[in-house]
2 protein chains.
Amino acid sequence: MPASQLRSLNIDNINPHIKEAKYAVRGELAVKSEEFRAQLQKGEGKDLPFDSVISANIGNPQQLDQKPITFFRQVASILENPGLLDSEEMLEKHCGYKSDVFERARQLLKDVKSVGAYSQSQGAPGIRQSVANFIERRDGYPADAATIFLSAGASSGVNTLMNVICATPQTGVLVPIPQYPLYTATLSVLNAKCVPYYLNEESNWSTDVSGMRSALEKAKAEGIDVRAVVVINPGNPTGGSLAPEGINEVLELAAEEKLVCIADEVYQTNVFQGEFHSFKKGLRDLQKSRKNKEGKFDNVELASLHSISKGMVGECGHRGGYYEMIGFDPEVTAQIYKFVSIMLCPPVIGQCLLETMVNPPTSSQPSYPLYRAEYDGIAQGLKDRANALYTTFSKMEGVSCQSPQGSMYLFPTITLPPKAVEAAQEAGKSADEYYCLRLLEATGVCIVPGSGFGQREGTLHFRTTFLAPGTEWVGRIEEFHKGFMAEFR
Amino acid sequence: MPASQLRSLNIDNINPHIKEAKYAVRGELAVKSEEFRAQLQKGEGKDLPFDSVISANIGNPQQLDQKPITFFRQVASILENPGLLDSEEMLEKHCGYKSDVFERARQLLKDVKSVGAYSQSQGAPGIRQSVANFIERRDGYPADAATIFLSAGASSGVNTLMNVICATPQTGVLVPIPQYPLYTATLSVLNAKCVPYYLNEESNWSTDVSGMRSALEKAKAEGIDVRAVVVINPGNPTGGSLAPEGINEVLELAAEEKLVCIADEVYQTNVFQGEFHSFKKGLRDLQKSRKNKEGKFDNVELASLHSISKGMVGECGHRGGYYEMIGFDPEVTAQIYKFVSIMLCPPVIGQCLLETMVNPPTSSQPSYPLYRAEYDGIAQGLKDRANALYTTFSKMEGVSCQSPQGSMYLFPTITLPPKAVEAAQEAGKSADEYYCLRLLEATGVCIVPGSGFGQREGTLHFRTTFLAPGTEWVGRIEEFHKGFMAEFR
């Protein structure tokens, strides 16, 4: 008898919905790139045609060039060792701590008692209030701490919302294509239906509500009970950033079709062109406007997600985030509370870092000048690298790229010669996977094929972050691309 | 039209499996106790018959008396602010940091680069190796870092394992009764079957394999495909601690019936009588023994879970833990890797605290004396409080309690007068819920009714932690109990 049959679990009898789930961001290519990195670290990679691995596959700022914001981490160091509060003077004199660092640490410790203690499952009350204050300042509309749930990164919030929404195998959720694969993977695991709608590449990856409506009608005709619509703004992997009109159109659709609107706004501070418009503000504006006939928008359910992982903060390893639940039935919110309580609470130090993110030093406070300089420096660096990468892509044969608007990614279209497509088929890969694999093997640069996010039939893309420092690696892509095109011309 | 019908989600159309899930540890009583606490904090609770709330409902050491271990937190403070490495001398002189603190911080930073960066989804490689070394020292058998998954507390590990195991609504998992409700709640959410087996209260809550076998046969006869067996050792809520024979019996059952054995060993250092025996050592011993006829034990699949939340560490707010996967099919392990990668990675600072837990200062290192003193002090305090509580319970009318063996809980039987049971029925509560609610309202002491964990039909229990400092609150329980018994006699 083969060994697999001697065991309880094998690939054919485990949860089939987990088998179906796809998550390319950390898939085969990422695993292979880690193997290369390990080889190089051990000094074993002498045969490799590159001397470093560039992880442009995942938005992991601090694994690359980005430094943490000093104020946040000084506060965190005291939260981890409150004994340091006895040495204020010395830390100020020798380690650059300012008085507002100690004040903040004291205030947070009062709220959580210890970062080693469980908080309320929804998150510490004082931190939730601070998040509410931030939303209020951002949007000019009140926010209620009771409707804010802290989470282990935005991913965990999405997981919770999807768990509650997905009632049957016929439950559907409208998901943009291309999308961050968290959404399709979670829907697979929950055995629910992804109802794809395509973004408009030609107009900077904007939402196309008529396309959303036809996707919805088609799904309904197939008996799918569509209950929610996901919007990622600014976009991942696209980098697109929505104008207020685009947001209003989605909210109108949500109101008319009674869909929960899930606004993934984790890149809200990563905006290079124009400014960020939140779905919450959009909804409150509509509720006040003439468009709100017969209270059309009064009961729209909106979940808006944010995170400490992205932006100029980049604290993804700390797993902090929140979601605000607007317009939900209190009985539903109570079920969400119960659901999150099974996992006890989000990481408390991540909650505290969230508090520093939403409530940073203000201009009159001693930590402000350094905070401002660090924040602006990171923002400028991201913008510069985005533009440099965009310029390079614009020059490459068969590559066409929308100008960078937001988030941490570019998602160019690539047009490959027919012979390359054939070679991919022979290798049992899709053409974009084949391209990215060859790039990794030739240059050590790891990017993600467009098929990992979804793309229109017959088109090919890849996603790259612009977090990696320097421009040398961009040159590696350019050179590889030339050779690849020549090989298959 | 009622507002609920204007929304997408209401209590009748969300995921029914979430509605079904029960999680009493943070349920109605816990919520009510937090309301009392908030009232008292605001100075509004003058009408309440108590002046403080005692949270004996949940194992949350640092919310109560327990201080974090200094070495762990000194290391964590540097990980949060590596700039402190530039002030070694000063921190040594003024803040009690020793040289091994800096060494450890440097070593961990080398492994993770920044605690703000994502790690591998399975956890940082160096930390997994450190966990493997710990297991090897503990059991005297090798452990492989490749089979160790770091997790956000043990709860997240259990969630992952259950997600993979639960393939259909007919999949069943043997779960001890009483149990920590994470298991039943997770099985409810996953729409799988809990197959309960009862622990032997009269012999210190030991496992009864004949009872397990009959539960299994009954389930099979009902068409349930039982695929795993959960053992919590030391027990939660029971406090029982298994002898090697008990462990062997469970492993024999697992081998004969091809069940995955899920060993929840998060209380492995909370043992007051005898010593802890791991399932891993039990399995390896059996594999070497004469009992391993025809390789009977060679393919047993064992997942052993541990955590930084309990023990003398008590860092539950940091959400750190691990599970070792022994004997699993590599294709299954690969699916687990993909599943955890959807949530990116466990909190990295929690991973680092796990490393300090499994690799604490050794006797030759400068941080050792304080570490030893703190660790032993916490252990002794827990033991003393467990015994004090046990002595009090032993004196109370209608209360019978097994002597404390392990974990952080006592789970006494209470026998209530028929009139009390009637009063509970009138209030729409089970008798144990009613008792715990009345206790909370009268004394501010929050404990959890036995029905939250499961108990034999016709018996009543409650679970209390023995983490709360002092003995005054124990007196409150004693006095309330007298009055309650007198009221309903």
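What counts and how
- Every chain begins its residue count from 1, and numbering advances along the sequence as written.
- All chains are assigned letters beginning with A, and all ligands numbers beginning with 1, in the order in which they are written.
- With pLDDT at 70 or above as the cut-off, local features in this predicted model cover only qualifying residues; side-chain atom pairs require 80 or more to be listed or tallied, and sums for whole chains, interfaces and linings still use all residues.
- Excluded from the side-chain calculations are hydrogens and water; all other atoms, namely the structure's heavy atoms, are used.
- Any two strands between which DSSP finds at least two bridges are classified as paired.
- Helix and strand labels come from DSSP, where a helix needs a run of H or I of at least four residues and a strand needs a run of E of at least two; each type is numbered from the N terminus.
- Note on geometry: axes are lines fitted to C-alpha atoms, helical ones only across the stretch in contact, with angles between N-to-C directions running from 0 to 180 degrees.
- The contact criterion used throughout is that any non-hydrogen atoms of two residues lie within 4.5 Å.
- Summed over both partners, buried area is the accessible surface (1.4 Å probe) that two parts give up on being assembled.
- The term salt bridge refers to a side-chain nitrogen of Lys or Arg lying within 4 Å of a carboxyl oxygen of Asp or Glu.
- Counting of polar contacts relies on pairs of N or O atoms within 3.5 Å, with two restrictions inside protein: one atom must be capable of donating a hydrogen and the other of accepting it, and residues adjacent in sequence are counted only when both atoms are side-chain atoms.
- Note that Gly is not counted as nonpolar here; it falls among the polar residues with everything else outside the nonpolar set of Ala, Val, Leu, Ile, Met, Phe, Trp, Tyr, Cys and Pro and the charged set of Asp, Glu, Lys and Arg.
- Copies overlap after least-squares fitting; the atoms used are the C-alpha atoms of residues with pLDDT of at least 70 in both.
- Think of it in three bands: with a 1.4 Å probe and only protein chains considered, a residue is buried below 20% of the maximum accessible area for its type, exposed above 50%, and partly exposed in between.

Draft legend 1. Layout of the sheet that holds strand 8 (residues 321-326) of chain A. Residue and element names in this part refer to chain A. If you walk across this open sheet you meet the seven strands as 2-8-7-6-5-3-4, and the pairing is mixed. Every other strand in the sheet has two partners, leaving strand 2 (148-151) and strand 4 (193-198) as the edge strands with one partner each. Along the sheet, successive strands turn relative to each other by an average axial angle of 20°, direction set aside. Two strands pair when backbone bridges link them, and strand 3 (residues 171-177) and strand 5 (residues 225-232) are joined in this way by four bridges, in the parallel orientation. Bridging across to strand 5, Val-173 finds its partner in Ala-228.

Draft legend 2. Structural view of the interface of chain B and chain A. Facing 96 residues of chain B, the contacting portion of chain A comprises 96 residues. Roughly 8,000 Å² of surface becomes buried between chain B and chain A when both sides are summed, with 56% attributable to carbon and sulfur atoms. Where chain B meets chain A, there are two salt bridges. Taken together, the links from chain B to chain A amount to 51 residue pairs in polar contact (both at pLDDT 80 or more). Looking at the side of chain B that touches chain A, the elements with two or more residues in it are helix 1 (3-6), helix 2 (16-20), helix 4 (70-80), helix 5 (88-95), helix 8 (153-165), helix 9 (182-189), helix 13 (330-341) and helix 14 (348-358) of chain B. At seven residues, the largest contribution of residues to the side of chain B that touches chain A is made by helix 13 of chain B. Residues that form the side of chain B that touches chain A fall into these classes: 46 nonpolar, 33 polar and 17 charged.

Draft legend 3. Fine view of the sheet that holds strand 10 (residues 409-410) of chain B. Residues and elements named next belong to chain B. Strand order in the open sheet formed by three strands is 10-14-13, with antiparallel pairing between adjacent strands. Strand pairing shows two members of the sheet lacking a second neighbour, strand 10 and strand 13 (448-449), which therefore form its edges. Inspection of the sheet shows strand 10 paired to strand 14 (residues 462-465) by two bridges, in the antiparallel sense. Residue pairing in the sheet places Leu-410 in a bridge with Thr-464 of strand 14.

Draft legend 4. Representation of the relation of the copies chain B and chain A within the structure. Mapping chain B onto chain A calls for a screw motion: a turn of 180° about the axis and a shift of 0.0 Å along it, with 0.0 Å RMSD after fitting. What the rotation and shift describe, once combined, is the action of a two-fold rotation axis. Measuring from the rotation axis to each C-alpha of chain B, the shortest distance belongs to Ser-77 of chain B, at 2.0 Å. In this assembly, 100% of the residues forming the interface of chain B have copies in chain A that are likewise at the interface, indicating an isologous arrangement.

Draft legend 5. Seen up close, unusual backbone geometry. Going from Ile-177 of chain A to Pro-178 of chain A, the amide bond is cis rather than trans, its omega being 0°. That bond from Asn-236 of chain B to Pro-237 of chain B is cis: its omega, 10°, falls within 30 degrees of zero. If you trace the backbone, Pro-237 of chain B turns up in the loop between strand 5 (225-232) and helix 11 (244-257). The backbone of Asn-191 of chain A sits at a positive phi, close to 55°, despite the residue not being glycine. Its location among the elements puts Asn-191 of chain A in the loop between helix 9 (182-189) and strand 4. In this structure, Trp-205 of chain B is a non-glycine residue whose phi angle is positive, near 55°. Given a relative accessible area of 7%, Trp-205 of chain B falls into the buried group.

Draft legend 6. Main features of the side chain of Thr-160 of chain A. Residues and elements named next belong to chain A. When you line up the elements, Thr-160 lands in helix 8 (residues 153-165). Look at Thr-160 and you get buried, because its relative accessible area is 5%. Those residues in contact with Thr-160, other than ones at most four positions away along the chain, are Tyr-323, Ile-336, Phe-339 and Val-340.

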